[in-house]
Amino acid sequence: MRGKKLNKSHVVKLIVFAVIFALWGSVYVYRVKKVNEMLPKTETISYKVGDTIDFGEDIMINYPMTGYSIRVNDSNLLTYEAFIKKYNAKDEYTFVPDKIYEVNVTLNNEDAEDDIGISLYEFYLQKNGALSSVDTNMLSIANPELDGAADIALVKNSSFDITLTFGLYDYQFDKHTWENLEDYGLNLVVTLYPTKKVVSLM
C-alpha cells in the first residue's frame, strides 16, 4: 500500500521547519559554547587521607572558610542496619539511606575569628555522576555532642573531631559498583571554586 503523497505546500512547510530547527540548534550550541568559554577554569587538586588541607580563599558551596583547615583521618562504609547497631540507635526513621559512608575528619581553626563558623552541609561526596550529601539524621546519631546542629564555630587555635555521614542509595549506582563501593573511589569535596580540593577515600 502506497503512502499518501505530500502536496507542495506541505513540503515547503517541512523544509522551512527543518531550517528553523537547524538554526535554533546552531544558536543554542553556540551560546552554550560561549558561556563555557566565559566561565573561569577550575583547577582540581587531589589529596590523600591524612593530608591537612587549608581552605584558603576557596569557596565551599556558598562561601569561603578562610582560616580553617581539615584533615580526613579515615572512612568507613556501613549498611544502615550496621550503622544503627554501631551507635545503639533507634530505628525510627521513615526514609533512610541503604548505606552510610562515615568520613572521620579533624577541623582546625588556625587563625579565623571566633565567630566564623563552618556548615557541615557544605561537604559532599562525588565521583563521576554520583553525588551524596550529608545525612542530617545520621549526623546526629554519630555526633550526639552536636545536639542536632550542623553549623559549628571553633575558637582560634582549636580543633574538633567529627564524623561526617553521607547517605548512599542503591539506585545511584549500577549493580557492580554498588557491590564494590569501597573500591569505587568516592571523593570528599572540600572546596569547589576557584580551586576544587578533593580527598580520595580509596
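Residues numbered from 1 in each chain as written. Predicted model: local features only at pLDDT ≥ 70, side-chain atom pairs only at ≥ 80, totals over all residues. Heavy atoms only, no water.

Quick look at the sheet that holds strand β9 (residues 158-168)
Taken together, the four strands give an open sheet; going across it, the order is β2-β3-β4-β9, and neighbouring strands pair in antiparallel fashion. Edge positions in the sheet fall to β2 (52-54) and β9, since each of these pairs with one other strand and no more. Across the sheet, the axes of successive neighbouring strands diverge by a mean angle of 30°, strand direction being ignored. Summarising the sheet, strand β3 (residues 68-79) and strand β4 (residues 99-109) pair through eleven bridges and their orientation is antiparallel. Residue pairing for β4: Leu-77 is matched across the bridge by Tyr-101. (Pairing = 2+ DSSP bridges. Helix = DSSP H or I, 4+ residues; strand = E, 2+ residues; numbered from the N terminus. Axes fitted to C-alpha atoms, helices over the stretch in contact; angles between N-to-C directions.)

Details of the nonpolar core
When a protein is soluble and globular, its nonpolar side chains tend to lie buried together. Within the largest apolar cluster, 38 residues are counted, with the highest numbers of intra-cluster contacts made by Val-103, Phe-123 and Leu-188. If you list the elements that add at least two residues to this core, you get β3, β4, β9 and β10 (187-191). Excluding residues within four positions of it along the chain, Val-103 makes contact with Val-72, Asp-74, Ser-75, Leu-125, Ile-162, Thr-163, Leu-164, Phe-166, Leu-188 and Leu-201. Ranked by size, the runner-up nonpolar core spans eight residues in total, among them Leu-78, Phe-83, Ile-100 and Ile-141. (Core = buried A, V, L, I, M, F, W, Y, C linked by side-chain atoms within 4.5 Å. Buried < 20%, exposed > 50% of the residue type's maximum accessible area, 1.4 Å probe, protein only. Contact = heavy atoms within 4.5 Å.)

Looking at the environment of Ile-100
Summarising the element assignment, Ile-100 is placed in strand β4. Its relative accessible area of 0% is what places Ile-100 among the buried residues. Between the alpha carbons of Ile-100 and Ala-82 there is a distance of 9.2 Å; along the sequence they are 18 residues apart. If sequence neighbours within four positions are ignored, Ile-100 has contacts with Asn-76, Leu-77, Leu-78, Thr-79, Tyr-80, Phe-83, Met-138, Thr-165 and Phe-166.

Some words on a nonpolar patch on the surface
A cluster of nonpolar side chains, Ile-61, Leu-192 and Tyr-193, forms an exposed patch at the surface whose accessible area comes to about 240 Å². Note on placement: Leu-192 falls in the loop between β10 and β11 (195-200). Owing to a relative accessible area of 31%, Leu-192 belongs among the partly exposed residues under this scheme. (Patch = residues over 30% accessible without salt bridge, like charges linked within 9 Å, V, L, I, M, F, W, Y side chains within 5 Å. Areas by Shrake-Rupley, 256 points an atom, 1.4 Å probe, with all protein chains shown as cover. Salt bridge = Lys/Arg side-chain N within 4 Å of Asp/Glu carboxyl O.)

A short note on the sheet that holds strand β7 (residues 130-133)
The sheet built from five strands is open, its strands ordered β1-β11-β10-β6-β7 with mixed pairing. Since the sheet does not close on itself, it has two edges, and those belong to β1 (43-47) and β7, each with one partner. In this sheet, adjacent strand axes meet at a mean angle of 30° when their direction is disregarded. The pairing of β10 with β11 spans four bridges and is antiparallel. Looking across to β11, one finds that Val-189 is bridged to Val-198.

Shape is all these values report; function is a separate question.
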